[in-house]
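Chain by chain, the residues run as shown.
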Amino acid sequence: MGDRNKTTDAIILNLSRQGENNWTATLLSPDTGIFYATVYGGPKSKLRSLVQRFNIGKLYYYDDSQRNLRKISDFDVTNYHQTFCSDIYKVWAANLGAELVIKTKAAGDYRNAFTLLSAFLNGIDASDEKGARLGTVRFLWRYLRLLGVQPDVSCCVSCSSPLLQEESSDGKKGFAYFQNMNGFLCRDCLASYGQSKENMNQTLFVSHNALEYLMAINTQTPGKVRAMTISAEDAYDIKRLVYLLAEQAAGSRLKTLESGALIL
């Protein structure tokens with residue numbers, strides 16, 4: 001039967017009530033992936049106070065596969081994320097990350113998904129709101145890469161010419177992301193592709209600087225990317241892009257984006 005008492009690192013993704021005093025926790029583990037376990041005890045219990053959404057730490061649980069029962073016995077919390085209690089944007093951003101990870105089953109890469117999500121939660125906890133907003137963009141862009149659906153920002157999806165070698169002095173948003181191609185078009189291909197209503201409905205435009213920022217997320221260290229400056233307009237355009245791509249990857253609307261549209 002083996003040892004049913006197990007230990008793993010874990011992030012609490014969600015909690016839902018189960019009966020009067022118990023809860024079901026949705027967790028992400030680098031070893032097990034996404035799984036569910038019961039938290040027994042009322043609101044005054046020590047365990048219940050430890051098992052809170054987005055807490056990260058060492059989980060101790062009882063696993064009886066024959067009875068399909070997992071029960072949390074203890075949780076040694078290493079990261080509490082205290083600012084989430086007072087900053088509405090941060091808690092909604094955390095909800096967005098958790099929902100995407102759940103819906104995409106941690107990209108099938110549990111260890112890297114755990115690393116990305118834990119770094120995201122810890123990062124926005126330590127940032128001001130502006131930093132947290134850019135941190136959300138960076139997390140989503142990196143997670144799209146983990147899913148294998150991140151569009152290539154280095155070359156045109158139509159002619160394969162390098163995008164970032166094009167001149168950017170005109171300040172125009174010359175790069176267009178097309179949903180049905182899942183890629184960016186250079187200025188020449190954009191001009192030849194046509195400006196029909198149907199095509200424009202499939203298009204999001206970004207600037208040269210925005211594309212450079214996305215490239216830097218892929219190629220530079222996190223510290224260097226955090227030090228980069230980006231305009232509010234470019235940040236907004238990138239946010240629209242990664243939100244669209246995140247919902248495409250999830251295969252449905254994300255409830256967090258719908259409910260928190262005015263916050264996120």
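Residues numbered from 1 in each chain as written. Predicted model: local features only at pLDDT ≥ 70, side-chain atom pairs only at ≥ 80, totals over all residues. Heavy atoms only, no water.

Chemist: Even after reading the chapter, I still don't get helix α2 (residues 88–103), so can you show me in this structure?
Modeler: Helical geometry: 3.6 residues make up each α-helical turn, so side chains three or four residues apart lie on a common side. End to end, α2 covers 23 Å across 16 residues, agreeing with the expected 22 Å (1.5 Å per residue, within 8%). Most of α2 sits inside the fold, with 12 of its 16 residues counted as buried. For α2, the full list of buried residues reads Tyr89, Lys90, Val91, Ala93, Ala94, Asn95, Leu96, Gly97, Ala98, Glu99, Leu100 and Val101. Between the side-chain oxygen of the N-cap and the backbone nitrogen of Tyr89 there are 3.0 Å, and the N-cap of α2 in question is Asp87. Two residues or fewer past α2, Lys105 is found with a positive phi of approximately 55°. (Helix = DSSP H or I, 4+ residues; strand = E, 2+ residues; numbered from the N terminus. Expected span 1.5 Å × (residues − 1). Buried < 20%, exposed > 50% of the residue type's maximum accessible area, 1.4 Å probe, protein only. Polar contact = N/O pair within 3.5 Å; in protein donor to acceptor, adjacent residues only side chain to side chain.)

Chemist: Whenever I open this one, the nonpolar core confuses me. Can you help?
Modeler: The tendency in soluble globular proteins is for nonpolar side chains to be buried as a group. With 62 residues, the main nonpolar core has Leu117, Leu121 and Trp141 as its most contacted residues. Among the nonpolar cores identified, the runner-up in size contains 17 residues, and Ala25, Val39, Leu47 and Tyr61 belong to it. (Core = buried A, V, L, I, M, F, W, Y, C linked by side-chain atoms within 4.5 Å.)

Chemist: Sorry if this is basic, but what is going on with the side chain of Thr26 here?
Modeler: Its location among the elements puts Thr26 in strand β2 (residues 22–29). Contacts of Thr26, omitting those with residues within four sequence positions, involve Ile11, Ile12, Leu13, Asn14, Ile34, Phe35, Tyr36 and Ile102. (Contact = heavy atoms within 4.5 Å.)

Chemist: When you look at helix α9 (residues 232–250) in this model, what are you seeing that I'm missing?
Modeler: Across its 19 residues, α9 extends 27 Å between first and last C-alpha, which sits within 8% of the 27 Å expected from 1.5 Å per residue. Of the residues making up α9, those classed as buried are Asp234, Asp237, Ile238, Leu241, Val242, Tyr243, Leu245, Ala246, Glu247 and Ala250. Once α9 finishes, Gly251 follows within two positions and takes phi at roughly 80°, a positive value.

Chemist: Looking at this model, I keep getting lost on the packing of aromatic side chains. Mind explaining?
Modeler: Think of a pair of aromatic rings as described by two things: how far the centres are apart, and how the planes are tilted against each other in angle. One pass over the structure, following the stated rule, counts 5 aromatic pairs. Centre to centre, the rings of Phe54 and Phe84 are 6.0 Å apart; their planes meet at 75°, and the pair counts as edge-to-face. Pair noted here: Phe54 is in the loop between α1 (46–50) and β4 (56–64) and Phe84 is in the loop between β5 (69–79) and α2, with a separation of 30 residues, a long-range link. There is no split in this pair, since Phe54 and Phe84 are both buried. Over the ring of Trp23 we find Arg48, and its NZ or CZ is 4.3 Å from the ring centre. The ring of Tyr62 carries Lys71 above its face, with NZ or CZ at 5.6 Å from the centroid. (Phe/Tyr/Trp six-rings, centres within 6.5 Å; stacked < 30°, edge-to-face > 60°. Lys NZ or Arg CZ within 6 Å of the ring centre and 35° of its normal.)

Chemist: Which parts of the structure should I look at to understand the pattern of salt bridges?
Modeler: It is possible for side chains bearing opposite charge to pair when their charged atoms get close. For the structure on display, the rule yields 9 salt bridges. Ionic pairing is found between Arg111 and Asp31, a salt bridge with its closest N-O pair at 2.8 Å. Of this pair, Arg111 sits in helix α3 (residues 110–125) while Asp31 sits in the loop between β2 and β3 (33–39), and the two are 80 residues apart along the sequence. The class for Arg111 is partly exposed, based on a relative accessible area of 48%. (Salt bridge = Lys/Arg side-chain N within 4 Å of Asp/Glu carboxyl O.)

Chemist: Mind showing me how you'd approach the packing of α2 against helix α4 (residues 129–147) here?
Modeler: The description of two helices packed together rests on the angle between their axes and the distance between the axes. Orientation of α2 relative to α4, taken along the N-to-C sense of each, is 5°, at an axis distance of 10 Å. By the angle between their axes, α2 is roughly parallel relative to α4. Contact with α2, carried on its side by Tyr89, Lys90, Ala93, Leu96, Gly97, Leu100 and Val101, involves Glu129, Ala132, Arg133, Thr136, Phe139, Leu140 and Tyr143 of α4 and no other residues of that element. Taken together, the residues that form the contact of α2 with α4 break down as 9 nonpolar, 2 polar and 3 charged. (Axes fitted to C-alpha atoms, helices over the stretch in contact; angles between N-to-C directions. Parallel < 35°, antiparallel > 145°, perpendicular 65-115°, else oblique. Nonpolar A, V, L, I, M, F, W, Y, C, P; charged D, E, K, R; others polar.)

Chemist: Could you clarify how one ought to interpret the environment of Ile72 in this entry?
Modeler: By secondary structure assignment, the location of Ile72 is in strand β5. The exposure class assigned to Ile72 is buried, which follows from its relative accessible area of 4%. Residues Ile72 and Leu164, 92 residues apart in the sequence, show an inter-C-alpha distance of 50 Å. Dropping the residues within four chain positions of it, Ile72 is found in contact with Ala25, Leu27, Ala37, Thr38, Val39, Leu47, Val51, Leu59, Tyr60 and Tyr61.

Chemist: Before we go on, may I ask you to explain the side chain of Glu99 in this structure?
Modeler: The residue Glu99 is located in helix α2 in this model. Using a relative accessible area of 12% as the deciding quantity, one classes Glu99 as buried. Ignoring anything within four residues of it in the chain, the contact list for Glu99 reads Arg253, Leu254, Lys255 and Thr256.

Everything listed here is a matter of coordinates, which is why it stays silent on function.
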